[in-house]
Amino acid sequence: MTRTAKKFEKLDAGAISNGLARGAETFCRHWFPEGRRVGNYWQMADVSGAKGRSLVVRLQSHGGRQAGKWTDNATGDHGDLLDLLKHRLDPVAYPDLLRQAADYLGDAPVMQENEPSAEPPAVASNRQAAAGRRLFSYGKPIANTLADAYLRGRGIARFGPALAFHSSVYLRAEDGTRLEIPALLAAITDNAGKVTGCSRIFLDGQTGGLADIEAPKRVLGRLHGHAIRFGNWKGCTDLLAGEGLENTLSVGTALPRAALASCLTANHLAAFTYPSSIKRLWIARDNDAAGARAASRLADRAEGDGIEPFVLTPERDDFNLDLMRDGITALRRRLAALITEQVTEHDLWPS
């Protein structure tokens, strides 16, 4: 891949900040759940998010004052939601802050564009969701394609109609050059099964691995609260939710009967909207701090809704590494032991 490809659009801090502000209340409830809403403000003690009233975040624009702006009345500190998120994630490098904020937004216009969009946010969001549905519809089954080879090269043997392949998905580089790159496509759906977006994993046709571009894994459309789904997930009582597509499918390879939901990132795992039918939520987290936080937040929310949460942690960084290093038999045995240790009645594989 050329250097031009690597110069693809960079994250725009201003667009990210505006995207966070448009969903200020959702942002506060997700990142600072100990606070509370009072009128048009989210109140908490300070930037730590503890219960209190000193720090206030404006939730809706009013009288010329912008949504998403906050002030700590005790210290005089103030800023936008991106500043507040930096405090939440501290210590975090600025590029990582932007990337995590972009991952959280999912469907917001976080990529810098040549010309600002004149469309209202809701219209732009709907347009992106429609574009994601359209892109996925252009894909073909992955059997005997580069996408098939990519997944099998990572030990994965769990597929489904949520996956597709396109030989030339185009990107536009920063200098305006049109790039056409093969991609593994995955349909993002809500709990009704409606496609809300499309995940794109750009691939290198020569190596069979990820394309040599900035951020080879991208989302077009709405991701927040939704997921890529596999198996008989409609009406299921046991659902396994994971982070990345490859990691979730690695668990699914070991547990071919399990209903799966891949949320793609730790932030979106924490924000996942699970279906009302489930009784048990199995959370396949990554073995890092972000995965631990996401699993804890999702588990707490599920428990509050009367759903039993169970967290599964890989031995290495993620379940795909476990699958590739140990093989499917060893991973299946380990997962079976972890699951049976926690509950005897489940619907993840035949008893």
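Relevant structure appears above.
J.: Lay out unusual backbone geometry with the relevant residues and their values.
T.: Positive phi, close to 60°, is recorded for N144, a residue that is not glycine. As for its position among the elements, N144 is in the loop between helix 6 (121-138) and helix 7 (146-153).

J.: I'd like a rundown of the pairing of strand 11 (residues 238-242), residues and numbers included.
T.: Counting buried positions along strand 11 yields 5 of 5 residues, so the element is predominantly enclosed. Side-chain alternation along strand 11 places D238, L240 and G242 on one buried face and L239 and A241 on a second face that is also buried. Sheet topology places strand 11 next to strand 13 (residues 280-284); 5 bridges connect them, and they run parallel. Its bridge partner being in strand 13, L240 is matched across the sheet by W282. With 3 bridges joining them, strand 11 and strand 12 (residues 260-262) adopt parallel strand pairing. Within strand 12, the residue paired with A241 across the bridge is A261. Handedness of the crossover joining strand 11 and strand 12 through helix 8 (residues 245-254) is recorded here as right-handed.

J.: Outline the nonpolar core, listing residues and values.
T.: Judged by nonpolar contacts, the single largest core of 37 residues is most densely connected at L163, L184 and L245. Leave out the neighbours within four places in its chain, and L245 touches L163, L184, A186, I201, I228, F230, S262 and L264. Within the second largest apolar cluster, 26 residues are counted, among which are W42, L81, L89 and L97.

J.: Which residues make up the side chain of R229, and what values go with them?
T.: Residue position: R229 is located in strand 10 (residues 228-230). D190 provides the closest opposite charge to the buried, salt-bridge-free R229, at an N-O distance of 5.9 Å. Polar side-chain contacts of R229 include one of 2.9 Å to the side chain of T189. Within the structure, R229 has its side chain in polar contact with the side chain of N191 (distance 2.9 Å). Non-local contacts of R229, meaning those with residues more than four positions away in its chain, are made with A162, T189, D190, N191, L260 and F272.

J.: Give a description of helix 7 that names residues and reports values.
T.: Every buried residue belonging to helix 7 is among L146, A147, D148, Y150 and L151, and all of these are buried. For helix 7, the capping residue at the N-terminal end is T145, with a side-chain oxygen 3.3 Å from the backbone nitrogen of A147. At the exit of helix 7 stands G155, carrying a positive phi of roughly 85°.

J.: Describe the sheet that holds strand 1 (residues 36-38), naming the residues involved and giving the relevant values.
T.: Spatially, the 5 strands line up as an open sheet ordered 1-2-3-4-5, and their pairing is antiparallel. Sheet topology places strand 1 and strand 5 (78-79) at the edges, where each strand pairs with a single neighbour. Where strand 1 lies against strand 2 (residues 41-44), 3 bridges are found, and the strand directions are antiparallel. Residue pairing across strands places V38 opposite Y41, the latter belonging to strand 2. Strands in contact with helix 4 (residues 81-89) are strand 2, strand 3 (55-58), strand 4 (70-72) and strand 5; relative to strand 4, the strand with the most contacts, it is inclined by about 55°.

J.: Residue-level account of the pattern of salt bridges, with values.
T.: Counted by the stated rule, this structure contains 11 salt bridges. Among the ionic pairs, R29 bridges to E25, the shortest N-O distance being 2.9 Å. A residue pair is termed a helical-turn pair when its members lie 3 or 4 positions apart in one helix, as R29 and E25 do in helix 3 (residues 24-31) at 4 residues. Residue class for R29 comes out partly exposed when judged on its relative accessible area of 46%. Each of E315, R316, D322, D326 and R334 takes part in a single network of salt bridges with overlapping partners.

Thresholds, definitions, all that
Residues numbered from 1 in each chain as written. Predicted model: local features only at pLDDT ≥ 70, side-chain atom pairs only at ≥ 80, totals over all residues. Heavy atoms only, no water. Helix = DSSP H or I, 4+ residues; strand = E, 2+ residues; numbered from the N terminus. Buried < 20%, exposed > 50% of the residue type's maximum accessible area, 1.4 Å probe, protein only. Pairing = 2+ DSSP bridges. Right-handed = clockwise from strand over helix to strand, strands pointing away. Core = buried A, V, L, I, M, F, W, Y, C linked by side-chain atoms within 4.5 Å. Contact = heavy atoms within 4.5 Å. Lys, Arg positive; Asp, Glu negative; His and termini not counted. Salt bridge = Lys/Arg side-chain N within 4 Å of Asp/Glu carboxyl O. Polar contact = N/O pair within 3.5 Å; in protein donor to acceptor, adjacent residues only side chain to side chain. Axes fitted to C-alpha atoms, helices over the stretch in contact; angles between N-to-C directions.

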